[in-house]
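# Residue-level structural notes
Listed below are the residues making up each chain.
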Amino acid sequence: MEGRIRLLPDGVIDQIAAGEVVERPASLLKELLENAVDSSAERIEAEIFGPFPFSIRVSDDGVGMTAKEAEVAVRRHTTSKIASADDLQKLSTYGFRGEALPSIGSVSRLRILTRPHDRDSGTEVVVEGGKVRSMREAGTPRGTTVEVTNLFGNIPARLKFLKTPRTEITHLWEVFHGVAIPGGGTSFRMSDGKTDVLYEGGESSLDRAKRHAREGGKYLVPLRLSSAFFRITGWAGLPHLSRFGASGIHFFVNGRHFRDKGIFAAVREAYRGILPADRQPVIYLFLECDPHEADVNVHPAKMEVRFRYGKDLFELVRHAIGEALGEIPVVPSAVSLSGRAEVRAGGGFPPKTGDPKNVNLFDDQPAAPALFRAPEDPSLDREREGGFGSLRPVAQLLGTYIVCEGMGEVVIIDQHAADERIVFSRLKDSYLGKNAPVQRWLVPQVVSLPGADRKERAGIEAFLSGVGFLCESFGENTFKISGGPAILGHFDLQGWWKDLGEFFLTQETSPKGIFDADRELWRIACHASLRGGTTLEREGMRALLSDLDRAVASHSCPHGRPVWVKISAGELKRMFGRT
């Protein structure tokens with residue numbers, strides 16, 4: 001049995017450590033950029049060059065290193081940010097030099113040129129295959145330049161796990177933006193031989209995020225909300241920017257780009273009913289908190305963060321996005337099929353018990369949507385500058401789209417999507433107990449739901465009553481409906497009821513017991529809204545615009561389709577080649 005357990009050679013240990021840190025070219029770019037950020041640099045430049053898997057050079061004008069510091073930085077288990085175990089609980093920096101450098105040097109040729117501001121000459125260190133090959137005095141500008149070439153040259157088997165050059169370049173740019181966007185105050189530049197991007201030092205993080213969205217920046221609305229433990233700022237994308245993948249979702253905590261399943265779930269919940277289920281939003285979320293409240297060391301690459309008060313953060317994110325988009329978030333409205341209605345509004349929260357959580361979680365004023373702002377006081381004139389009511393309807397196209405002009409822009413509105421959002425908003429008001437008017441119908445309608453059991457019938461009846469329908473049981477699985485919300489001017493009750501029945505038939509393999517009220521309010525709104533192809537006179541257009549000002553989340557219909565798009569005067573000029 002002797003000899004089966006052995007101490008690994010240093011070279012093997014280094015390569016194992018490198019496997020956790022250097023997965024691809026983008027991994028080492030991330031480490032080098034973060035080191036440069038912590039060097040107090042005012043200017044950071046990255047260059048991608050050479051054949052695949054690329055060489056990388058990162059230069060900064062930071063504090064630089066002495067010869068002794070440079071020699072220590074390429075050894076294993078060295079760092080500038082941790083002096084004791086307690087420091088692991090309050091990391092507020094990326095880490096100056098060290099840590100990743102030995103791992104990078106074990107799988108590439110690593111060359112470091114560095115000079116402190118108070119020295120006349122600098123130092124050059126070359127590491128290859130995990131060993132220091134040379135170290136000498138050298139002439140170099142103040143700051144540090146790190147160059148990585150021949151990546152995975154000593155372990156070619158790793159090369160086959162890389163993706164195509166195009167994919168790896170995409171990851172490199174994602175890393176660059178992930179470090180540069182939150183790095184307001186520092187100038188960042190990167191070039192790959194084809195593309196050159198510069199973030200000026202005077203740009204704020206919010207400005208950089210909006211510029212990163214390019215033309216989509218006009219469909220971003222600001223986020224701003226605080227609690228006792230967290231402060232959120234950033235941009236939330238309207239449905240116009242939605243994507244099939246999650247590439248548009250960006251989270252930053254204390255200036256660090258990260259991923260978190262809980263926050264991602266909060267984002268998805270906030271966009272529920274605003275985006276289709278198969279679409280993801282574009283969002284830039286900047287989170288600030290005490291370093292004690294966030295553990296950034298749960299992942300070797302430091303891309304995941306664990307929060308001390310994760311549940312509170314979930315609610316804060318959900319509310320910040322909901323208020324920015326104009327829809328106050330609520331816990332998904334549900335009716336238990338036992339017949340008990342559960343309507344849980346998402347306004348305030350009861351105080352938490354125990355110290356230090358006995359606080360009001362949401363102590364800031366909500367951020368107002370940036371586009372088509374509604375007045376703070378609902379009694380004020382809705383046609384003031386910035387509202388839909390301030391737009392001038394010009395024409396109706398194809399019997400479906402209303403073309404409007406206002407504030408130097410052309411705004412095109414989908415009349416069916418707009419009316420769906422208006423009807424949905426009023427139905428939800430009614431369902432949340434805001435006493436919307438009810439109208440009795442001249443001819444009652446009888447509908448049936450074959451196969452429903454007693455609990456399901458009671459749940460549906462409770463929902464109908466909650467919305468404002470005048471409903472009574474009319475035999476087994478049959479309902480007599482003699483009236484409904486006055487907003488439903490041309491409601492296709494039979495069409496909605498058919499959809500409801502088909503939904504129940506699909507629930508054979510799904511959990512039963514919860515009736516999704518929001519989903520049915522969306523469907524009712526769809527069956528009661530102004531259809532495409534309906535001709536509108538000018539007054540009808542104005543009325544629709546005025547009603548849209550009073551609707552929540554007026555940027556999208558309940559299914560997630562955009563209600564409006566806008567074309568600026570500048571865009572029109574570019575289309576026609578005018579300068």
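Here is what the cut-offs are and how they apply
Residues numbered from 1 in each chain as written. Predicted model: local features only at pLDDT ≥ 70, side-chain atom pairs only at ≥ 80, totals over all residues. Heavy atoms only, no water. Pairing = 2+ DSSP bridges. Helix = DSSP H or I, 4+ residues; strand = E, 2+ residues; numbered from the N terminus. Axes fitted to C-alpha atoms, helices over the stretch in contact; angles between N-to-C directions. Contact = heavy atoms within 4.5 Å. Expected span 1.5 Å × (residues − 1). Phe/Tyr/Trp six-rings, centres within 6.5 Å; stacked < 30°, edge-to-face > 60°. Buried < 20%, exposed > 50% of the residue type's maximum accessible area, 1.4 Å probe, protein only. 1 Å grid on protein atoms, 1.4 Å probe; cavity = no way out; pocket = protein on both sides within 12 Å on 5 of 7 lines; lining within 4 Å. Points joined across faces, edges and corners; volume = space filled by probe spheres on them. Nonpolar A, V, L, I, M, F, W, Y, C, P; charged D, E, K, R; others polar.

### Remarks on the sheet that holds strand S22 (residues 470-473)
With antiparallel pairing, three strands are arranged side by side in an open sheet as S21-S23-S22. What marks the edges here is a single partner per strand, and that holds for strand S21 (438-448) and S22. Put simply, the sheet's adjacent strands are angled 15° from each other on average, direction ignored. As judged from the seven bridges shared by S21 and strand S23 (residues 478-485), these two strands associate in the antiparallel manner. In the sheet register, Gln-439 faces S23, and the bridge partner there is Gly-484. Strand contacts of helix H10 (residues 454-467): S22 and S23, with the helix running at about 15° to S23, the strand carrying the most contacts.

### Quick word on helix H13 (residues 538-549)
Because each turn of an α-helix spans 3.6 residues, side chains separated by three or four positions end up pointing in the same direction. Taking 1.5 Å per residue, twelve residues should reach 16 Å; H13 reaches 17 Å between its end C-alpha atoms and fits that length. Buried-residue contacts for H13 involve strand S18 (392-397), strand S19 (401-406), strand S20 (409-414) and helix H9 (415-431).

### Re the packing of aromatic side chains
Counted under the stated rule, the structure contains 16 aromatic pairs. Judged by centre distance (5.7 Å) and plane angle (90°), the rings of Trp-173 and Phe-176 are edge-to-face. Pair noted here: Trp-173 and Phe-176 are both in helix H5 (residues 165-180), with a separation of three residues, about one helical turn. Residue Trp-173 is classed as buried on the basis of its relative accessible area of 11%. Judged by relative accessible area, which is 0%, Phe-176 ranks as buried.

### Quick look at the layout of surface pockets
Here the largest pocket is characterised by a volume of approximately 1,500 Å³. In this structure, the largest pocket is lined by 49 residues; those nearest its centre are Thr-170, His-171, Glu-174, Val-175 and His-257. Every element with two or more residues in the lining of the largest pocket is listed here: helix H2 (25-37), H5, strand S8 (196-199), helix H6 (205-212), strand S11 (249-253), strand S12 (256-258) and helix H7 (261-270). For the lining of the largest pocket, the per-class residue count stands at 21 nonpolar, twelve polar and 16 charged.

### Comments concerning the pairing of S8
Of the two faces of S8, only one is covered, namely that formed by Val-197 and Tyr-199; the face formed by Asp-196 and Leu-198 stays uncovered. A loop of four residues connects strand S7 (residues 187-191) with S8, the two strands running antiparallel in sequence, and Gly-193 in this loop sits at a positive phi of about 95°.

### A short note on unusual backbone geometry
With an omega dihedral of 10°, the bond running from Phe-52 to Pro-53 counts as a cis peptide bond. Inspection of the secondary structure assignment puts Pro-53 in the loop between strand S1 (43-49) and strand S2 (55-60). Positive phi values are uncommon outside glycine, yet Phe-54 reaches one of about 75°. Relative to the elements of secondary structure, Phe-54 occurs in the loop between S1 and S2. Judged by its relative accessible area of 13%, Phe-54 is buried.

### Examining the pairing of strand S5 (residues 131-138)
Taken together, the seven bridges between strand S4 (residues 122-128) and S5 define a ladder with antiparallel strand orientation. The residue of S5 that forms the bridge with Glu-128 is Lys-131. Where S4 hands over to S5, the hairpin turn is made up of two residues, of which Gly-129 adopts a positive phi near 60°.

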